[in-house]
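A look at the structure
Here is what each chain is made of, one letter per residue.
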Amino acid sequence: MVNAPERGFTLLELAVVMVVISLLLAVSGPSVGKLSETLEYRDAVRQLISAHKKARRAARASGNAVDVVIDANKNRFAVTSDAHRLQEKHYAPLADNLRIEVTFAQEISPGNGLAAIRFYPEGGASGGEVLIQRPSGSGTRLTIDWLIGDVRRESL
């Protein structure tokens with residue numbers, strides 16, 4: 001009676017497979033990190049554009065001024081018709097690794113380091129710019145037109 005040879009992998013074959021997997025992970029690791037950064041950046045730009053457009057529509061529909069309040073120090077924002085009564089729960093977060101700068105009318109600001117861009121029921125706005133920058137330095141500038149309240153996007 002002849003014994004059938006045992007089937008399986010040798011230790012050398014397993015070692016070669018482990019080395020190949022390690023190399024693939026080492027090469028793809030930075031790409032995964034960059035992809036995550038890109039997704040967070042795009043999401044932040046989309047959220048801020050959406051917030052400004054929402055505020056513009058809400059002001060026209062309600063007949064009251066509506067503000068987009070941006071806390072650039074904590075990377076968060078809120079849409080509200082009463083900026084002085086904002087609470088922590090009203091804010092939506094943005095990615096921490098982004099740099100946010102806002103150019104706005106100081107008279108509109110609710111204070112405490114917060115920036116605000118106000119949309120009026122007649123269709124106009126206080127105007128301003130929101131700069132969203134990635135750690136690499138590239139980014140987007142949102143310009144809010146004071147006359148018609150239009151939101152424009154420009155790559156840096």
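Residues numbered from 1 in each chain as written. Predicted model: local features only at pLDDT ≥ 70, side-chain atom pairs only at ≥ 80, totals over all residues. Heavy atoms only, no water.

As a further point, take unusual backbone geometry. A positive phi angle, close to 50 degrees, is found at Asn75, a residue other than glycine. Using a relative accessible area of 6% as the deciding quantity, one classes Asn75 as buried. One non-glycine residue, Asn112, lies in positive phi territory at about 55 degrees. Inspection of the secondary structure assignment puts Asn112 in the loop between β4 (99–103) and β5 (115–119). (Buried < 20%, exposed > 50% of the residue type's maximum accessible area, 1.4 Å probe, protein only. Helix = DSSP H or I, 4+ residues; strand = E, 2+ residues; numbered from the N terminus.)

A few words on the environment of Ala51. One can find Ala51 in helix α1 (residues 11–62). When the C-alpha positions of Ala51 and Ala92 are compared, they lie 10.0 Å apart, and in sequence the two are 41 residues distant. Excluding residues within four positions of it along the chain, Ala51 makes contact with Val68, Phe77 and Val79. (Contact = heavy atoms within 4.5 Å.)

With that out of the way, let us pick up the sheet that holds strand β1 (residues 66–71). Within the open sheet, the four strands sit side by side as β3-β2-β1-β5. Their pairing is antiparallel. The open sheet has two edge strands with one neighbour each: β3 (92–93) and β5. (Pairing = 2+ DSSP bridges.)

If you trace the backbone, Gln47 turns up in helix α1. Residue class for Gln47 comes out buried when judged on its relative accessible area of 18%. Apart from residues no more than four positions distant in its own chain, Gln47 is found in contact with Phe77, Ala92, Pro93 and Leu94.

Another aspect to go through is the pattern of salt bridges. Side chains bearing opposite charge may pair, as long as their charged atoms lie close to each other. On inspection of all chains with the given rule, the structure shows nine salt bridges. Between Glu101 and Arg99 there is a salt bridge; the shortest N-O distance is 1.9 Å. With a closest N to O distance of 3.4 Å, Arg141 and Glu129 form a salt bridge. Here the residue Arg141 occupies a position in strand β7 (residues 139–144), and Glu129 occupies one in strand β6 (residues 128–133), the gap between them amounting to twelve residues. Judged by relative accessible area, Arg141 falls into the partly exposed class, the value being 23%. Among the residues examined, Glu129 registers a relative accessible area of 30% and is labelled partly exposed. (Salt bridge = Lys/Arg side-chain N within 4 Å of Asp/Glu carboxyl O.)

To continue, consider a nonpolar patch on the surface. Among the surface-exposed residues, Leu12, Val16, Val20 and Leu24 lie close enough to one another that they form a single nonpolar patch of about 400 Å² accessible area. Since its relative accessible area comes to 56%, Leu24 is described here as exposed. (Patch = residues over 30% accessible without salt bridge, like charges linked within 9 Å, V, L, I, M, F, W, Y side chains within 5 Å. Areas by Shrake-Rupley, 256 points an atom, 1.4 Å probe, with all protein chains shown as cover.)

Attention now moves to the environment of Gln133. In this fold, Gln133 is placed in strand β6. The sequence separation of Gln133 and Gly111 amounts to 22 residues, and the corresponding C-alpha distance is 23 Å. Discounting chain neighbours no more than four positions away, the residues touching Gln133 are Asn97, Leu98, Arg99, Ser138, Gly139 and Leu156. Among the polar contacts made by the side chain of Gln133, one reaches the main-chain carbonyl oxygen of Gly137 at a distance of 3.0 Å. (Polar contact = N/O pair within 3.5 Å; in protein donor to acceptor, adjacent residues only side chain to side chain.)

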